[in-house]
Amino acid sequence: MFEGVPSTLVMAVNDQFIGVVGAYWVDKNTNWLETGIVTYNSEYWNGGYGSEAYSIWIDYLFEKTTLHRLGMSTWSGNERMMRVAEKLGMQLKWAFYVVSGNYKR
């Protein structure tokens, strides 16, 4: 990614692993860095842990890199992640339409 900037950090509460925050290049030429968070331990869902970790991660990436925008993609049914993004000031910019299964015209 960027020299000295990790692509993933562990989320822990009281020394217990609960998830990760991360980032990866979608397109280095356009400075499109995608970010994300996964809280594996459901006991820590809806407790503000993800929001806090993701906020710290976003601030860290802006502080340690030359980027002026970051991306985050999620499934439209992931209401918790959409709330986290909105809480952090992210704005919906794109919508993707996907078809799967036996699509017929």
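My aim in this report is to walk through the structure given alongside it, one point at a time. Please read all numbers here as calculations on a predicted model, not as lab measurements.

1. Section: the overall build of the protein
Okay, so step 1: Helix and strand counts for the protein stand at two helices and four strands.
Okay, so step 2: Counting from the amino terminus, helix and strand elements in the protein follow one another as β-β-β-α-β-α.
Okay, so step 3: Across its three principal directions, the C-alpha atoms of the protein cover 55 × 40 × 25 Å.
Okay, so step 4: Burial analysis of the protein (105 residues in total) assigns 30% to the buried set.
Okay, so step 5: In the protein, the proportion of contacts linking residues at least 24 apart, taken out of those at least 6 apart, comes to 47%.
Okay, so step 6: Approximately 8100 Å² of the protein is accessible, and the part contributed by carbon and sulfur atoms is 50%.
Okay, so step 7: Charge separation in the protein, taken as the distance between the mean sites of 9 positive and 10 negative side-chain charges, equals 12 Å.

2. So, the nonpolar core
Okay, so step 1: Ile 37, Tyr 54 and Leu 61 are the most contacted members of the largest nonpolar core, which totals 20 residues.
Okay, so step 2: Mapped by element, the contributors of at least two residues to this core are β1 (8-13), β2 (16-27), β3 (32-39), α1 (49-64) and α2 (79-87).
Okay, so step 3: In terms of residue count, the dominant contributor to this core is α1 (five residues).
Okay, so step 4: Apart from the residues lying within four places of it in its own chain, the contact partners of Leu 61 are Met 1, Val 5, Ala 23, Leu 33, Thr 35 and Leu 70.

3. Some words on the pattern of salt bridges
Okay, so step 1: Taken as a whole, this structure holds one salt bridge when the rule is applied.
Okay, so step 2: The salt bridge partner of Glu 63 is Lys 64, with a shortest N-O separation of 3.9 Å.
Okay, so step 3: Given the relative accessible area of 44%, Lys 64 is considered partly exposed.

4. Some points on the sheet that holds β3
Okay, so step 1: Here we have four strands laid out as an open sheet, ordered β1-β2-β3-β4, and mixed in their pairing. Both outer strands of the open sheet, β1 and β4 (71-72), are each paired with one neighbouring strand and no more.
Okay, so step 2: Two elements, β3 and β4, share two bridges in a ladder whose sense is parallel. Each residue of the ladder has a partner; that of Glu 34, found in β4, is Gly 71.
Okay, so step 3: Each of β1, β2, β3 and β4 touches α1; the most contacted strand, β3, lies at about 155° to it.

Conventions used here
Residues numbered from 1 in each chain as written. Predicted model: local features only at pLDDT ≥ 70, side-chain atom pairs only at ≥ 80, totals over all residues. Heavy atoms only, no water. Helix = DSSP H or I, 4+ residues; strand = E, 2+ residues; numbered from the N terminus. Buried < 20%, exposed > 50% of the residue type's maximum accessible area, 1.4 Å probe, protein only. Contact = heavy atoms within 4.5 Å. Areas by Shrake-Rupley, 256 points an atom, 1.4 Å probe, with all protein chains shown as cover. Lys, Arg positive; Asp, Glu negative; His and termini not counted. Charge placed at Lys NZ, Arg CZ, Asp CG, Glu CD. Core = buried A, V, L, I, M, F, W, Y, C linked by side-chain atoms within 4.5 Å. Salt bridge = Lys/Arg side-chain N within 4 Å of Asp/Glu carboxyl O. Pairing = 2+ DSSP bridges. Axes fitted to C-alpha atoms, helices over the stretch in contact; angles between N-to-C directions.

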